[in-house]
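# Summary of the model geometry
Given next are the chains, with one letter for each unit.
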Amino acid sequence: MPDLTRNPRAAEGREYDVIVVGGGVYGITLTLEAARRGYRALLVERHDFNAGTSWNALRIVHGGLRYLQSMDLRRFFESVGERRWFLRHFPDLVGVLPCLMPLYNRGLKRRSTFGTALRLNDLLSWRRNAGVRADRHLPHGHLIDSTATHDLFQRVDPSGLCGAGRWYDGVMLNHQRLMIEILRWATNAGAIALNYVRAETVNTHGGRASGIEATDTVTGDTQTFNAPVVVNAAGPRCAAFAEHTDRAHTELFRPSVAFNLLIDHEPLSSCAVAVEPKQDDARTYFVLPWTVDGTPRILAGTFHAPWPQDAPLDDPQPSDAQINTFLDDLNAAVPGLTLDRSHVLRVYCGLLPAEEPGTEHTAHRPVWIDHGRADGPVGLFSVSGVKYTTARLVAEQTLRRVFGRKLRDYREAAARPEAESALDFADYRPNLDRPDELRRVARLESVVYLDDMIHRRTDWGADPRVAAEAADALRDVLELPAVPSGAPVPRQSTGSSAEAAA
Ligand SMILES: Cc1cc2nc3c(=O)[nH]c(=O)nc-3n(C[C@H](O)[C@H](O)[C@H](O)COP(=O)(O)OP(=O)(O)OC[C@H]3O[C@@H](n4cnc5c(N)ncnc54)[C@H](O)[C@@H]3O)c2cc1C
């Protein structure tokens with residue numbers, strides 16, 4: 001049985017080919033890609049897996065339609081290929097997202113222009129469904145008229161409306177399980193993954209990386225892990241970790257902030273609708289229908305803003321003014337919508353690499369540093385990426401940089417293990433009738449704190465009120481503390497789930 005049982009002491013005694021620092025989607029997919037090729041891989045994450053930027057994503061597994069606008073065909077093909085990867089391997093956790101873009105015959109949103117883009121999108125992604133389960137196939141995009149647009153999106157602004165473009169993308173139905181299932185796949189292929197283990201520094205011997213010094217933040221123990229290759233995939237902390245262990249490479253991560261809002265309001269449509277206020281340079285937002293604890297709600301994103309260079313990198317939060325601007329924009333874009341702060345259930349916020357320092361425009365490409373080639377330790381690599389969707393591809397490209405032509409092929413045995421059915425994930429409340437199963441899942445999936453179970457093994461924590469109930473209900477069953485001090489806690493309008501219940 002492949003599992004994620006946490007045992008840092010046993011892990012210390014092993015030899016590794018590669019150590020990955022950071023348990024977000026970049027580190028997790030890198031660990032998977034290494035393990036599937038037969039490398040002995042160790043992942044260390046200082047908090048819980050998937051507790052950083054990755055947890056806050058809008059959950060869209062993008063194809064490349066948006067990149068046709070700038071004719072960035074490389075990004076287009078990469079995104080289409082990686083969307084297919086998610087749909088092929090995780091049809092249980094990644095679904096089809098119908099998208100709708102109302103058209104007003106302005107700029108690129110003219111019927112003729114958008115129709116051409118949709119045709120090109122279909123043509124260039126003609127293999128998008130190859131090997132994908134039939135119920136996860138993405139149909140062709142098409143234009144619809146104003147009446148059909150209104151049928152799908154009743155609050156659509158009718159003035160000047162000339163129909164809409166309709167297309168399909170991927171969506172993470174349960175991103176918590178998706179990350180855990182990728183981790184289970186990696187551990188099934190031989191990897192070890194440790195949460196609550198913080199990499200402190202990279203050890204070197206004769207100018208070469210030889211492993212890391214780390215701290216088990218649960219026990220406070222210092223640990224040494226040995227490997228000739230260390231990959232720094234620490235997300236927003238990537239540049240800081242590189243500077244601490246070698247020297248400054250500011251190009252790795254120049255922070256900008258981005259956030260989504262979970263809103264207590266009925267969905268605007270059964271599709272993800274693209275909306276924007278009618279003004280020059282207005283931002284476009286996607287408003288997704290999102291069911292939380294059985295209640296249909298709205299997940300809206302993404303608001304981007306600059307992030308001061310010297311501001312903290314941990315637990316970033318938007319200002320009140322930014323949240324208000326986002327709500328004002330949504331209200332201005334959708335007639336009759338009167339959202340205010342009381343509707344905000346949760347703020348999902350993270351830092352993304354900016355193209356230029358001090359701007360809100362996210363970088364277009366990942367950045368790699370081979371520290372050995374820049375007079376640093378040989379065998380130390382850093383990688384910083386931009387999109388969840390393309391993390392696996394970046395992992396493969398990273399391994400090519402690390403191992404060059406010697407990069408091994410996948411081993412046949414390293415297929416995804418059957419998904420666990422120990423928890424009923426359609427039921428967003430903890431099933432206290434099955435305490436033994438809950439304890440078993442907690443043990444097999446490295447649940448150290450209650451918040452790990454509520455927010456990152458299940459979807460129980462999406463609604464802060466349910467999260468507080470779940471924390472209360474689970475406290476006696478799992479006998480675990482709520483949250484570690486200093487760990488990021490999911491933000492909402494008031495307090496944190498486990499804190500609220502404490
Ligand atoms: C609001 C928002 C919406 C988004 N929406 C989408 C979307 O819809 N689709 C999409 O494709 N992309 C989306 N993205 C982008 C995507 O989420 C990110 O590109 C991706 O999650 C970055 O992953 P990461 O692994 O680099 O970083 P993280 O997820 O932050 O992971 C880095 C990890 O490293 C750990 N770490 C740091 N230092 C150490 C250390 N010393 N030792 C051990 N561990 C350490 C951290 O604790 C953290 O868990 C969105 C991003 C945001 C912020």
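Each chain has its residues counted from 1, following the order in which its sequence is written. For a predicted model such as this one, the threshold for reporting local features is a pLDDT of at least 70, and the threshold for listing and counting side-chain atom pairs is 80 or more; totals across whole chains, interfaces and linings nevertheless cover every residue.

### A closer look at the overall build of the protein
Helices and strands together make up the secondary structure of the protein, namely 14 helices and 19 strands. The size measure is the radius of gyration over C-alpha atoms, and the globule rule it meets is 2.2 Å times the number of residues to the 0.38 power. Taken over C-alpha atoms, the radius of gyration comes to 22 Å for the protein, in line with the 23 Å a tight globule of 502 residues would show. Along the three orthogonal principal directions, the C-alpha set of the protein runs to about 70 × 50 × 45 Å. Three exposure classes are used. Buried residues have 20 or more other C-beta atoms within 10 Å of their own C-beta, exposed residues have 12 or fewer, and partly exposed residues fall in between, all C-beta atoms being placed from the backbone. The buried share of the protein, taken over its 502 residues, is 50%. With C-beta atoms placed from the backbone, a contact is any residue pair whose C-beta atoms sit within 7 Å. For the protein, the share of sequence-separated contacts (at least 6 apart) that also reach a separation of at least 24 residues comes to 70%. Counting from the N terminus, the helices are the DSSP runs of H or I reaching at least four residues and the strands are the DSSP runs of E reaching at least two.

### Some remarks on the sheet that holds strand 10 (residues 222-226)
Spatial ordering of the open sheet is given by 8-9-10, a layout of three strands whose pairing is antiparallel. Each of the sheet's edge strands pairs with one partner strand only, and the pair in question is strand 8 (197-205) and strand 10. Direction aside, the axes of adjacent strands within the sheet are offset by 30° on average. A pair of strands is treated as paired once DSSP finds two or more bridges between them. Sheet topology note: the strand 9 (residues 208-216)/strand 10 ladder contains five bridges and is antiparallel. Bridge pairing links A214 to Q223 in strand 10. Under this scheme, a helix contributes an axis fitted over its contacting stretch, all axes are lines through C-alpha atoms, and angles between N-to-C directions fall in the 0 to 180 degree range.

### Side note on unusual backbone geometry
Here the residue pair G301 and T302 is connected by a cis peptide bond, since its omega of 0° sits within 30 degrees of zero. Following the sequence through the fold, T302 ends up in strand 15 (residues 295-306). Even without glycine at this site, M71 takes up a positive phi of about 50°. Considering the arrangement of structural elements, one finds M71 in the loop between helix 3 (65-68) and helix 4 (73-89). Although it is not a glycine, N105 adopts a positive phi angle of roughly 55°. By the element assignment, N105 lies in the loop between strand 4 (94-102) and helix 5 (111-124). The partly exposed category is assigned to N105, around which 14 C-beta atoms lie within 10 Å.

### Concerning the environment of Q397
As for its position among the elements, Q397 is in helix 10 (residues 391-403). Q397 sits 367 residues away from L30 along the chain, and the two C-alpha atoms are 9.5 Å apart.

### Brief notes about the sheet that holds strand 17 (residues 367-370)
Taken together, the six strands give an open sheet; going across it, the order is 7-2-1-11-18-17, and neighbouring strands pair in mixed fashion. Whereas interior strands pair on both sides, the edge strands pair on one side only; in this sheet they are strand 7 (192-194) and strand 17. If you compare each strand with its neighbour and ignore which way they point, the axes differ by 15° on average. Note: strand 1 (residues 18-21) against strand 11 (residues 229-232), four bridges, orientation parallel. The partner of V18 across the bridge, within strand 11, is V229.

### As for the site of the ligand
Proximity of a residue to a molecule or strand is defined by its backbone-placed C-beta atom lying within 6 Å of that partner. Residues in close proximity to the ligand total 42 residues, the closest being G22, G24, G52, G235 and G350. Taken together, the residues that form the shell around the ligand break down as 19 nonpolar, 17 polar and six charged. What counts as a domain boundary in this text is fixed by an automatic or database domain assignment. Domain assignment of the residues forming the shell around the ligand places at least three in each of domain 1 (13-54 + 176-251 + 363-406) and domain 2 (89-171 + 255-353). Under this grouping Gly is polar, as are all residues other than the nonpolar Ala, Val, Leu, Ile, Met, Phe, Trp, Tyr, Cys and Pro and the charged Asp, Glu, Lys and Arg.

### A few points about the nonpolar core
Inside soluble globular proteins, nonpolar side chains tend to come together where they are buried. Under the definition applied here, buried Ala, Val, Leu, Ile, Met, Phe, Trp, Tyr and Cys residues are grouped into a nonpolar core through C-beta atoms within 7 Å. If you look at the biggest cluster of nonpolar residues, it comprises 143 residues, and the most contacted ones within it are V18, I19, V21, A41, V230, V231 and V287. When sequence neighbours within four positions are dropped, the list of residues in contact with A41 reads Y16, D17, V18, V20, T31, A34, A35 and A191.

### Section: the pairing of strand 16 (residues 344-353)
Taken across its 10 residues, strand 16 has 10 buried, putting it largely inside the fold. In terms of strand pairing, strand 12 (residues 255-263) meets strand 16 through nine bridges, oriented antiparallel. Note that in strand 16 the partner of A258 across the bridge is G350.

### Observations concerning the domain arrangement of the protein
Split by domain assignment, the protein resolves into domain 1 (13-54 + 176-251 + 363-406), domain 2 (89-171 + 255-353) and domain 3 (435-501). When each unit is reduced to the centre of its C-alpha atoms, the spacing between domain 1 and domain 3 is 26 Å. Facing 11 residues of domain 1, the contacting portion of domain 3 comprises 11 residues.

### Things to note about the environment of T295
Its place among the elements puts T295 in strand 15. For the pair formed by T295 and D264, sequence separation is 31 residues and the distance between their alpha carbons is 9.2 Å.

### Observations concerning the packing of helix 2 (residues 25-36) against helix 10
Packing of helix 2 against helix 10 brings their axes to within 8 Å, and their N-to-C directions diverge by 55°. In terms of orientation, helix 2 lies oblique with respect to helix 10. Between helix 2 and helix 10 lies a crossing whose hand is right-handed. On helix 10, the residues touching V25, Y26, T29, L30, E33 and A34 of helix 2 are A391, R392, V394, A395, E396, T398 and L399. What sets the label is the angle itself: under 35 degrees gives roughly parallel, over 145 gives roughly antiparallel, 65 to 115 gives roughly perpendicular, and the rest give oblique. Left-handed describes a crossing whose near helix is turned anticlockwise from the far helix through less than a right angle; right-handed describes the clockwise counterpart.

### Examining helix 2
The span one expects for a helix is its residue count, reduced by one, times 1.5 Å. The end-to-end C-alpha distance of helix 2 is 16 Å, a good match for the 16 Å that 12 residues give at a rise of 1.5 Å each. The element helix 2 is largely enclosed, with a buried count of 12 among its 12 residues. Residues of helix 2 that are buried: V25, Y26, G27, I28, T29, L30, T31, L32, E33, A34, A35 and R36. Following helix 2 by one or two positions, G38 adopts a phi angle in the positive range, close to 90°.

### Focus on helix 10
Look at helix 10: 18 Å from first C-alpha to last across 13 residues, which is about the 18 Å you get at 1.5 Å a residue. The elements touched by buried residues of helix 10 are helix 2, helix 4, strand 11, strand 17 and strand 18 (380-384). Once helix 10 ends, the next one or two residues include G404, with phi positive near 55°.

### With respect to the confidence of the model for the protein
Looking at the protein, pLDDT values average 91 and 94% of them are 70 or higher. Residue-level confidence of the predictor, termed pLDDT, takes values from 0 up to 100. Low pLDDT, under 50, characterises residues 493-502; the stretch is placed with 29 contacts to residues that sit more than four places away or in other chains.

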